[in-house]
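# Per-entry structural report
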Amino acid sequence: MASCVFQNYLSTHRPLSASPAPNFSGGRKQRTVFARNSNAERPSSNGSVSLEEKTSFPGKPEADIVVIGSGIGGLCCAGLLARYEQDVIVLESHDVPGGAAHSFDIKGYKFDSGPSLFSGFNSRGAQANPLAQVLDALGESIPSASYDSWMVYIPEGEFLSRIGPTEFYKDLEKYASPNAVQEWKKLLDAVLPLSAAAMALPPLSVRSDLGVLSTAITRYGPSLVKSFIQMGPQGVFGASKLSRPFSEIIDSLELKDPFIRNWVDLLAFLLAGVKTNGILTAEMVYMFAEWYKPGCSLEYPLHGSGAIVDALVRGIQKYNGRISLRSHVEEIVVEKDRAVGVKLSSGQFVRAKKAVISNASMWDTLKLLPKEVVPKSYMDRVSTTPQCESFMHLHLGFDAEGISKDLGIHHIVVNDWHRGVDADQNVVLISVPSVLSPDLAPSGKHLLHAYTPGTEPFELWEGLDRRSNKYKNLKAERSEVMWRAVERALGPGFSREKCEVKLVGTPLTHERYLRRNRGTYGPAIQAGQASFPGHSTPVPQLYCCGDSTFPGIGVPAVAASGAIVANSLVSVSQHSQLLDAIGI
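- The name given to the chain in an unreviewed UniProt entry is Prolycopene isomerase chloroplastic isoform X1, with Tripterygium wilfordii as the source organism.

In structure tokens form, the structure reads like this:
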């Protein structure tokens, strides 16, 4: 049960939506190098990281560990490895770090590319968010603004949805059936006590070898047992369901109100891209604990999501990690059946003395491997893993004049409950981060990011020439649902014609700029039917982290995956010393 609980717990820390989007346009005493491998323009950074431009590869073309990709998972992994005094280098194809979470600057507007709703930046201790624990280990923090609500536009009407234990009851009284309040209370009473079990083990304590018995089970076993005792028989029974689909909890409680079931489906979909019949109970349990307990709040990083990337980069630099931008990995080099390094598109070979870690998706990692070294069983498993769909994105920069002064940062639009929240063109998420961090836009301006969260079919776009009229017409057609949602959220003071910046992203943009196979959000793995893969591969010395591995999709989840890989590559003694150092 303990092993099951720590696996379930790690799957629970996720932002509301971790949607990736494209950019449309580096302890020890030695010197850290953060370099680019070309003469292209210096990328912009929203935080305090200084990007030193160079025209050659930074330092020796070898390291103990080579990390492919600078997404959140790869940066967390590299940061911890550097903290463990491993010589590590991160190789990034793009000219800015961050992967799907990078930021980009156009005409003075500093746009988030993907993740937009967060919590737990300032949490500390054993039950903290995995990303917060990694940042704590690196001695970094992220200044943030707190808030407690988002606007919801649904077929029944529109309302300001507040997190917390009581505010939502008022919305239920207005938009749902008379017994909806009682059903919601029944759900909270059943779910909230399970959070103690779901959060029993710190994510940073987990590793993927038998050393976990020391760093996690023995270390935190007493608190786990205590949480079970406090829950009593009903809680223990519920805890046994943590690795099952959340729909089983809903069905066991005999919840029938259509609004309640639709709402919980929406929350599940925004968390993990699946409805309640496909999401782990553990994920939903933690979400309820984060959003529906007294005193809870959401957080947005001041200076945008780029501040998260900058904090991780600072942590890597602090411990002499290296990052090379515009360094595209063309092939993982395998000698004597072991991964020994990578070949860049420039032809340069970068040796990995201990390990290669891929932060690319499982499908893109497979493309980097010589076919003759990949077992057919592994190739078949990757090729048959179902994929989430892709995204449409709308990035806008516009004048704040005429826009409501009390405009909230987040807005969710659901067009039709009957189609299902996972239907294409049905749900639109909108983020206006300049509401909380005005420095992201020029004075008197706002910036906005709207997107359809992992529901845009790649098949509609496959094979289109991005310069063709057919492609341009399809962009206009498929982006209209986002424009309408934005107009609904911002009101009559907004005019699409007056926007200074208008950027539409498609699955092909996703595929091209993020190097994501078919522009996908990640594996569409259903709870109760399959589980996310582990971090080892059939090729010795090759490991994977990120959203194609356990615990799955989402910023905190990929942070946890990076931490697990880093922990597993050092001794139990080193790992335990780190846990002691950060007081968990």
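## Here we look at helix H9 (residues 258-272)
- Between the first and last C-alpha of H9 there are 21 Å, a value that for 15 residues agrees with the 21 Å anticipated at 1.5 Å per step.
- Along H9, 13 of the 15 residues are buried, which leaves the element largely enclosed by surrounding structure.
- With a side-chain oxygen positioned 3.0 Å from the backbone nitrogen of Phe259, the residue opening H9 is Asp257.
- Of the residues one or two after H9, Gly273 is the one with positive phi, at around 80°.

## Examining the environment of Glu459
- Positionally, Glu459 belongs in the loop between strand S17 (445-456) and helix H14 (469-490).
- Residues Glu459 and Ser390 lie 69 residues apart in sequence; the distance between their C-alpha atoms is 9.9 Å.
- With residues near it in sequence (within four places) discarded, Glu459 still touches Glu389 and Arg518.

## Overview of the nonpolar core
- Counting residues in hydrophobic clusters, the biggest one holds 76 residues, and the most contacted among them are Leu172, Trp184, Phe246, Trp263, Met284, Phe288 and Tyr292.
- When residues in this core are grouped by element, the largest group, 11 residues, is from H9.
- Residues Ala82, Ile323, Ala563 and Ile582 belong to the second largest nonpolar core, which totals 48 residues.

## A closer look at the packing of helix H4 (residues 167-175) against helix H5 (residues 180-191)
- The geometry of H4 relative to H5 is characterised by a closest axis approach of 8 Å and an angle of 145° between their N-to-C directions. Residues Phe168, Tyr169, Leu172 and Glu173 of H4 touch H5, and the partners they reach there are Ala180, Val181, Trp184, Lys185 and Leu188.
- Taken together, the residues that form the contact of H4 with H5 break down as seven nonpolar, no polar and two charged.

## Topic: the sheet that holds strand S18 (residues 501-505)
- If you walk across this open sheet you meet the seven strands as S8-S7-S15-S16-S17-S14-S18, and the pairing is mixed. Where the open sheet ends on each side, the last strands, each with one partner, are strand S8 (157-162) and S18. Sheet twist, expressed as the mean angle between neighbouring strand axes with direction ignored, is 15°.
- Pairing of strand S7 (residues 149-154) with strand S15 (residues 410-414), which is carried by three bridges, proceeds in the parallel orientation. When the bridges of S15 are listed, Met151 appears paired with His411.

## With respect to the pattern of salt bridges
- Counted by the stated rule, this structure contains 28 salt bridges.
- Between Lys185 and Asp189 there is a salt bridge; the shortest N-O distance is 3.2 Å. With Lys185 and Asp189 both in helix H5 and four residues apart, the pair spans about one turn of that helix.
- With a shortest N-O distance of 2.8 Å, Arg244 and Glu248 are connected by a salt bridge.
- By relative accessible area, Glu248 is classed as partly exposed at 28%.
- Through salt bridges with shared partners, a single network forms among Lys60, Glu62, Asp64 and Lys353.

What counts, and at which threshold
- Residues numbered from 1 in each chain as written.
- Predicted model: local features only at pLDDT ≥ 70, side-chain atom pairs only at ≥ 80, totals over all residues.
- Heavy atoms only, no water.
- Helix = DSSP H or I, 4+ residues; strand = E, 2+ residues; numbered from the N terminus.
- Expected span 1.5 Å × (residues − 1).
- Buried < 20%, exposed > 50% of the residue type's maximum accessible area, 1.4 Å probe, protein only.
- Polar contact = N/O pair within 3.5 Å; in protein donor to acceptor, adjacent residues only side chain to side chain.
- Contact = heavy atoms within 4.5 Å.
- Core = buried A, V, L, I, M, F, W, Y, C linked by side-chain atoms within 4.5 Å.
- Axes fitted to C-alpha atoms, helices over the stretch in contact; angles between N-to-C directions.
- Nonpolar A, V, L, I, M, F, W, Y, C, P; charged D, E, K, R; others polar.
- Pairing = 2+ DSSP bridges.
- Salt bridge = Lys/Arg side-chain N within 4 Å of Asp/Glu carboxyl O.

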